[in-house]
Amino acid sequence: MSSKANAGNFFEDFELNEEIIHATPRTITEGDVSLYIALTGSRFLLQSSAEAAKTFGFNDLIVDNLLAFHIAFGKTVADISLNAIANLGYADVRFEEPVYIGDTLSVTSKVIGLRENKNKKSGIVYVHSMAMNQDHITVLSWKRWVMVKKSDLNAEISADYIPELSEFVSIDELPIPQQLNMEEFDPYSSGSPYLWDDFEIGERIDHRDGMTIDDSDHTLATKLYQNTARVHFDQIYMNDSKFKRRLMYGGHVISICRALSYNGLGNGLLIAAINGGTHAAPTFGGDTIYAFSSIVDRWQLPEHEDFGALRVKTWGVKNTPSETIDKPTSIQDGRKTFHKDIVLELDYTLLVPRWHTA
């Protein structure tokens, strides 16, 4: 008897250049925003104060970039990563337009790469996804790659192609909200005294605070994002895995590290782009996350003297204070390897107000 239940796509089901329209558009509510704050503790100014957001040119309180990303990402899971072994990385994530409470997001994806693994049991699927609001305006887009199981180990694969991905979103392509104006920025309102001018390339910032994430926290967060991947929810399913435990959604680890980065990067008011991200190791309920960051680059923005861009790399550390990590990565046999306690490497670009306009 055939089943009407969705078993998800396996690696052999994907075709290069395939277009996928994902189900169930999502209207973002005030409750979503409140729950996200409850689960992450995020306290950045423009996502906390409607009055501040309006002062800076927005219509109202703006939805946290990462909350919008996770909700949009969740739309793709049933079609792309329901049978995933692991989500491997992100690139070229662009936050094109602000998202407001009441906006409805719809998501489509295109398969831009396929590569079968040598063991013939799985493969890597590369996709380019776009989220649009109710006015058919693209508000964010991203590329990611995920390892997906094969159902039929003898199935022939339609293509073998690895897409070329940019190392970072360049200053010329950096999405900047047209309405953004930081001329009246007051550092007292954000609680952070350090603006764009105060940061130096190569500077390291240990964010000091740690956050222990309970199973109930990350499970509820992943439900908030409507991410249906079995590895996050189904303990019976995970009993047969090498981990024997449910995995924490890597995007929630990103949100925790972003929230922790407030202590030191509190004036990184908006994420303009995520240049790349790697989940270096799994995270589980009960783990305590710490974070530290390095300033990769500083950009003065043409036609914007009131704010600049900081390219930042943030590392998430599991179960040990970040100050104990001297070198998060190293090169062994020509390959990049991570310190055993690193769970996340995230390369992203922030928009930060400048001193001379305060």
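Right above here is the structure, for reference.
Criteria and thresholds
Residues numbered from 1 in each chain as written. Predicted model: local features only at pLDDT ≥ 70, side-chain atom pairs only at ≥ 80, totals over all residues. Heavy atoms only, no water. Helix = DSSP H or I, 4+ residues; strand = E, 2+ residues; numbered from the N terminus. Rg over C-alpha atoms; globule rule 2.2 N^0.38 Å. Buried < 20%, exposed > 50% of the residue type's maximum accessible area, 1.4 Å probe, protein only. Pairing = 2+ DSSP bridges. Axes fitted to C-alpha atoms, helices over the stretch in contact; angles between N-to-C directions. Parallel < 35°, antiparallel > 145°, perpendicular 65-115°, else oblique. Contact = heavy atoms within 4.5 Å. Nonpolar A, V, L, I, M, F, W, Y, C, P; charged D, E, K, R; others polar.

Chemist: Provide a residue-level description of the overall build of the chain, including the pertinent values.
Modeler: Looking only at helices and strands, the chain features eight helices and 14 strands. Its C-alpha atoms give the chain a radius of gyration of 20 Å, near enough to 21 Å, the size a compact globule of 358 residues would have. Projected onto its principal axes, the C-alpha coordinates of the chain cover approximately 65 × 50 × 40 Å. Counting every position in the chain, which comprises 358 residues, the buried fraction comes to 54%.

Chemist: An account of the pairing of strand β13 (residues 335-338) is requested, with residue identities and associated values reported.
Modeler: Two faces belong to every sheet, and in a regular strand the side chains alternate between them. Strand direction decides the pairing type here: strand β12 (residues 329-332) and β13, joined by four bridges, are antiparallel. In the sheet register, Gln332 faces β13, and the bridge partner there is Arg335. The hairpin formed by β12 and β13 contains two residues between the paired strands, and Asp333 there has a positive phi angle of roughly 55°.

Chemist: I'd like to hear about the pairing of strand β6 (residues 138-149), residue by residue, with values.
Modeler: Of all twelve residues in β6, nine are buried, a share of seventy percent or more. One ladder, built from eight bridges, connects strand β3 (residues 84-95) with β6; its direction is antiparallel. Bridged to Tyr90 within β6 is Arg144. Joining the antiparallel neighbours strand β5 (residues 122-132) and β6 is a turn of five residues, in which His136 adopts a positive phi near 65°.

Chemist: Provide a residue-level description of the packing of helix α1 (residues 30-40) against helix α3 (residues 65-80), including the pertinent values.
Modeler: As a packed pair, α1 and α3 sit with axes 11 Å apart at the nearest point and diverge in direction by 110°. By the angle class used here, α1 and α3 are roughly perpendicular. Here Asp32, Val33 and Tyr36 of α1 come into contact with α3, specifically with Leu66, Leu67 and His70. Split by residue class, the contact of α1 with α3 holds four nonpolar, one polar and one charged.

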